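Summary of structural features
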Amino acid sequence: MTHTVQSQSSSKKGRFQVDYRRGCTGTTITITQIGTFSPAPVYWYENLVGSFTSTLSHTYNTAGSFYIVQLVNDASLGTDNYDSLLVEILEPQNAEFTIHKCANHKVRVETANDYYDRYEVDFDGLRTDIVNPNSFTNEFDFGSSGVYNITVTGILTSGNSNCGSQVETVSTVTSLTPPLLSTVEVIDQNTSGSILLTHTLDAGVDYNLYYGNGDSKNLTLQGSISSNQTNISPINTATDYHCYQLESFDVCNGDSYKSEVICSIILDTSSDEKGNRMNWSTDNSNAKTTEIIRDNSILINLPTTSSSHTDSLIVCNKDYSYQVQQLYQQGKSLSMSSTITASNTQSLPIINGNPSSTFSGDSVIVTWDKPNDGEIPFDQYVVQRKVGNRDWSDWMNTTELVAVDKDIRLNQAPSYRVSYSDDCENESTPSIATTPVVLAESNNRGKIITYEWNRYEEWQNGIQGYTLEQLDESGNILEEFEVLSGRSKSIDFSNQDPTDKYLRIKATSLDSPPVYSYSNVITTKIETVLYFPTAFTPDEDGVNDTFVHQGPAIADYKLDIYNRWGNQIYSTTDKNYGWDGTDRTGDSPQGTYLYKVYFTDLEGRSHYQNGVLTLFRYL
């Protein structure tokens with residue numbers, strides 16, 4: 001519906017009338033002449049500009065105020081032959097207005113300025129109100145949820161209706177809800193600082209902002225808000241904290257719905273020998289928890305009653321950025337981010353994982369990984385060494401991830417651990433110790449050799465087991481002997497194979513894929529050994545009548561027998577006969593004797609054995 005106010009307006013002397021005295025560009029004004037004159041009057045339409053015309057209408061395409069001037073050349077008027085009328089032409093301008101949503105599908109419309117004399121408000125063709133500038137319509141009830149058109153048209157008194165209309169849509173609501181105050185964040189902590197509020201607002205609903213300086217209980221109305229962010233500045237954020245609350249307001253019935261109160265945070269930071277210190281102040285009566293944010297990640301959760309924290313897990317000369325964040329039921333408060341440079345390192349992280357050690361030739365190779373924090377102002381690694389029950393001692397300083405120990409004594413396994421220092425003269429806690437496997441022969445009984453070794457120390461995931469490996473002279477694996485349990489293994493080598501044997505232990509971790517550590521390589525010499533009884537009975541009963549050896553095949557052979565006074569009483573080179581218990585005088589008496597044997601194996605190597613035997617005679 002378009003409302004038009006149209007009535008004839010008279011000139012100053014009443015000799016003519018016009019249909020409109022006001023309108024917007026494009027308005028055509030038509031003159032109605034009053035009375036009869038001869039000759040007929042002529043007119044100027046734009047302030048005596050240009051030539052006159054007898055035409056009784058004129059279209060104005062330029063905004064401004066114009067006089068319509070009438071000239072009547074009738075002699076009866078003498079010099080009183082001019083008449084005029086002022087018309088006003090405006091640039092068209094959309095009507096400015098605000099739609100206010102209310103509960104129960106109601107709305108009110110507020111006009112915003114006095115560019116037009118009055119406004120026509122059309123509620124989607126259901127009702128039309130005429131209101132003055134800067135005023136409200138009565139509430140209108142659409143009756144149900146939906147999207148409706150509201151059309152507002154500017155009206156000029158005694159004017160044309162060509163100034164246009166503005167149409168906006170509104171989605172009605174059943175009820176209003178408390179607004180969400182999402183964040184109160186200090187952007188600039190200064191005596192003339194700033195605070196940014198972020199909030200979620202429903203278009204068309206009226207919202208108010210309440211404020212308290214250092215007080216969350218007694219807040220005062222600051223004004224209305226309409227966007228999703230409110231920047232408050234200048235404001236003293238250096239020494240004062242500030243509390244805020246939002247309100248949604250129903251302009252139809254006066255009801256209001258308020259958000260929770262959230263207060264800003266003042267944060268002060270410093271660094272000393274104990275760490276990076278944070279102190280803050282705020283009203284925490286409504287907060288649920290406090291978080292310290294370091295470098296955009298949550299460092300620690302604290303009770304809301306906390307007002308200070310010292311971060312000791314820092315690295316000297318490194319910059320750290322801190323914020324204090326308090327979480328409320330729905331929103332949160334954030335302090336300004338503060339960046340400080342750590343003046344000291346309280347605790348350097350230990351190296352990553354456990355170091356490992358392994359033999360390579362006659363040396364031990366110790367390796368390790370860097371600590372997790374790659375931003376440490378690293379200086380050097382310190383490798384400590386100990387043997388047996390001795391104390392740990394600094395053994396090597398290096399910037400590499402490997403150390404080689406060439407000074408190895410194999411009577412006891414050496415142990416190693418690794419720490420490191422930074423540029424601020426801080427040193428990390430030493431790592432877990434690593435001890436390589438040292439292999440040794442514990443018993444060499446001819447062809448049966450027993451090997452023993454210490455426990456490997458220490459993989460993070462533990463050890464799967466040990467394998468005894470036999471190598472050739474070039475280090476290639478010839479045979480592997482599985483160790484089912486314990487840390488010893490006996491191998492029965494063939495005494496027909498007198499070549500040197502090279503052996504080492506392989507320790508296998510439980511990692512996937514597994515990690516290996518190798519012991520030293522030892523050389524086992526297989527000695528050709530003859531086995532003699534410890535006693536015999538030369539009584540011709542056919543059992544154990546001679547003292548004769550058993551064992552591998554040999555070449556040259558000589559057996560000498562000595563009595564207990566060291567006198568040689570018997571000698572033979574017959575490797576198959578041995579001693580029958582006689583000497584040059586006849587039967588040797590019962591007693592203890594010493595034997596010495598000299599022989600050559602089939603490889604041509606000479607051997608010597610000796611021992612004690614007992615001769616028994618039964619009467």
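To keep things clear, this report deals only with the structure shown in the data block.

**Regarding the packing of aromatic side chains**
For the structure shown, the criterion picks out 27 aromatic pairs. Here the aromatic rings of Phe532 and Tyr595 are separated by 4.8 Å at their centres, their planes lie at 40 degrees, and the arrangement is tilted. Here Phe532 is found in the loop between strand E45 (522-524) and strand E46 (535-536), whereas its partner Tyr595 is found in strand E51 (residues 591-601), with 63 residues between them in sequence. A relative accessible area of 14% means that Phe532 is categorised as buried. Grouping aromatic residues by their ring pairs yields a cluster made of Phe532, Phe536, Phe547, Tyr570, Trp579, Tyr593 and Tyr595. When the ring centre of Tyr210 is taken as origin, the NZ or CZ atom of Lys258, which lies over that ring, is 4.5 Å away. It is Lys596 that lies over the ring of Tyr562; its NZ or CZ is 5.0 Å from the centre.

**Details of the nonpolar core**
The nonpolar side chains of a soluble globular protein tend to be buried, and buried together. Counting residues in hydrophobic clusters, the biggest one holds 29 residues, and the most contacted among them are Trp280, Ile292, Tyr322 and Trp368. If you list the elements that add at least two residues to this core, you get strand E25 (275-281), strand E29 (319-327), strand E33 (363-367), strand E34 (378-387) and strand E37 (414-422). Excluding residues that lie within four positions of it along the chain, Ile292 makes contacts with Met278, Trp280, Ser297, Ile298, Leu299, Ile300, Leu302, His309, Tyr322, Gln323 and Val324.

**Re the layout of surface pockets**
Gaps left between atoms show up when a probe the size of a water molecule is rolled over them. Here the largest pocket is characterised by a volume of approximately 230 Å³. Looking at the largest pocket, the residues that line it are Arg385, Lys386, Val387, Arg390, Asp391, Ser393, Trp395, Asp405, Asp407, Arg409, Asn411 and Gln412. Elements supplying a minimum of two residues to the lining of the largest pocket: E34 and strand E35 (393-398). When residues of the lining of the largest pocket are assigned to their parent elements, the largest contribution, three residues, is made by E34. Grouping the amino acids of the lining of the largest pocket by side-chain chemistry returns two nonpolar, three polar and seven charged.

**Considering the pattern of salt bridges**
Scanning the entire structure with this criterion turns up 18 salt bridges. Between Arg15 and Asp80 there is a salt bridge, with the nearest N and O atoms lying 3.2 Å from each other. Linking Arg15 in the loop between strand E1 (9-10) and strand E2 (16-18) with Asp80 in the loop between strand E7 (64-71) and strand E8 (82-90), this pair joins segments that are 65 residues apart in sequence. Taken together, the salt bridges that share partners define one network made up of Glu469, Glu480, Arg504 and Lys506.

**A closer look at the sheet that holds strand E32 (residues 356-360)**
Ordered in space as E32-E33-E36, the three strands form an open sheet in which the pairing is antiparallel. On the outer flanks of this sheet lie E32 and strand E36 (402-405), each paired with one strand and no other. Direction aside, neighbouring strands of the sheet carry axes that sit 20 degrees apart on average. Two elements, E33 and E36, share four bridges in a ladder whose sense is antiparallel. What sits directly across from Ile365, in E36, is Val404.

Criteria and cut-off values
- Residues numbered from 1 in each chain as written.
- Predicted model: local features only at pLDDT ≥ 70, side-chain atom pairs only at ≥ 80, totals over all residues.
- Heavy atoms only, no water.
- Phe/Tyr/Trp six-rings, centres within 6.5 Å; stacked < 30°, edge-to-face > 60°.
- Helix = DSSP H or I, 4+ residues; strand = E, 2+ residues; numbered from the N terminus.
- Buried < 20%, exposed > 50% of the residue type's maximum accessible area, 1.4 Å probe, protein only.
- Lys NZ or Arg CZ within 6 Å of the ring centre and 35° of its normal.
- Core = buried A, V, L, I, M, F, W, Y, C linked by side-chain atoms within 4.5 Å.
- Contact = heavy atoms within 4.5 Å.
- 1 Å grid on protein atoms, 1.4 Å probe; cavity = no way out; pocket = protein on both sides within 12 Å on 5 of 7 lines; lining within 4 Å.
- Points joined across faces, edges and corners; volume = space filled by probe spheres on them.
- Nonpolar A, V, L, I, M, F, W, Y, C, P; charged D, E, K, R; others polar.
- Salt bridge = Lys/Arg side-chain N within 4 Å of Asp/Glu carboxyl O.
- Pairing = 2+ DSSP bridges.
- Axes fitted to C-alpha atoms, helices over the stretch in contact; angles between N-to-C directions.

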